[in-house]
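Okay, here's what each chain looks like letter by letter:
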Amino acid sequence: MSLYRRVLGEKFETLPETLQVAHEFEGQRCLTGRVDVRCSENIIGKVLLRLLKLPRPGVDLTARILLQEAEQGERWHREFGDDSFSSRVTPHRAKAGCIVETMGGVSAVVRLTAVPDGLQWNVESLSLLGLPLPRAIAPVTQAEERQIDGRYRFEVVITLPLLGLLISYRGWLQPDSLPAEQRIA
């Protein structure tokens, strides 16, 4: 059973078809499409972007997301243009309806909420190297997946208190076949 089906339970069936197809797979799934990326223009934001290995800004970039089943969850490898970044996504052990996404030393507890045309990601808490980040200094994330005009669309916006935008990216994806030589090992 897929990660999202396990986390969402019966609500998985209420998701639009394009989201179900994207998140229901065995082994691995490749999604391809296009993405626009905006990034912070202040020095602190730029340093954080590099430390977190997040993508550089660009318009109408090639997007490729490789999803692979991993121990008790999934590994997500995102390629936006020439930049790539990865995370591990697992079900939260104690909170029903939540996942934990870990990228480097940063972990986010995220509540997945099925809505009529898609899915909202609501970050409930963040930790850095296992230490909880106080809300006063923690980034704020708004993220959603939707089906619009029959396409899987996504948008993620991450802002920093007092500094504003860290990164935002939005675009569309569709399932793609993945040649054996390009599969994640």
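These figures come from a predicted structure and were not determined experimentally. Along each chain, numbering runs from 1 in the same order as the chain's sequence is written. A pLDDT threshold of at least 70 governs which residues receive local features in this predicted model, and a stricter bar of 80 or more applies before side-chain atom pairs are shown or counted, although totals over entire chains, interfaces and linings include all residues. Note: side-chain values were computed over all heavy atoms of the structure, leaving out hydrogens and water.

Colleague: If you had to explain the pairing of strand β10 (residues 151–160) to someone new, which residues and values would you point to?
Modeller: Pairing between two strands requires that DSSP report at least two bridges joining them. In this description a helix means any DSSP run of H or I spanning at least four residues, a strand means any run of E spanning at least two, and both kinds are numbered starting from the N terminus. Two elements, strand β9 (residues 140–148) and β10, share 9 bridges in a ladder whose sense is antiparallel. Bridging from a neighbouring strand, Q147 pairs with Y152 of β10. Counted between consecutive antiparallel strands, the loop separating β9 from β10 contains 2 residues, among which D149 sits at a positive phi close to 50°. Where β10 lies against strand β11 (residues 164–176), 9 bridges are found, and the strand directions are antiparallel. Bridge assignment links V156 to a residue of β11, and that residue is Y169. With antiparallel pairing between neighbouring strands as the criterion, β10 and β11 make up a hairpin whose turn holds 3 residues, including L162 at a positive phi of roughly 70°.

Colleague: I'd love a proper account of the environment of F25, names of residues and values included.
Modeller: By the element assignment, F25 lies in the loop between α2 (17–23) and β1 (28–39). For the pair F25 and L67, spaced 42 residues apart in sequence, the C-alpha to C-alpha distance is 8.9 Å. The contacts of F25, once residues within four sequence positions are left out, are S2, L67, Q68, E69 and E74. Throughout, a contact is declared for two residues whenever any of their heavy atoms are within 4.5 Å.

Colleague: Which residues make up the pattern of salt bridges, and what values go with them?
Modeller: Note that side chains of opposite charge can pair when their charged atoms are close. Note on definitions: salt bridges are taken to be side-chain nitrogens of Lys or Arg within 4 Å of carboxyl oxygens of Asp or Glu. Within this structure, the stated rule accounts for 9 salt bridges. As a salt-bridge pair, R5 and E24 come within 3.0 Å of each other at their nearest N and O atoms. Residue R5 is found in helix α1 (residues 3–8), and its partner E24 is found in the loop between α2 and β1; the two are separated by 19 residues along the sequence. R5 sits in the partly exposed class, given a relative accessible area of 21%. Among the ionic pairs, D117 bridges to R146, the shortest N-O distance being 2.9 Å. Of this pair, D117 sits in the loop between β6 (106–115) and β7 (118–128) while R146 sits in strand β9; the two residues are 29 residues apart in sequence, bridging distant segments of the chain. Members of the salt-bridge network, linked through shared partners, are R5, E13 and E24. Three labels apply to residues, based on accessible area from a 1.4 Å probe with only protein chains included: buried if under 20% of the type maximum, exposed if over 50%, partly exposed otherwise in between.

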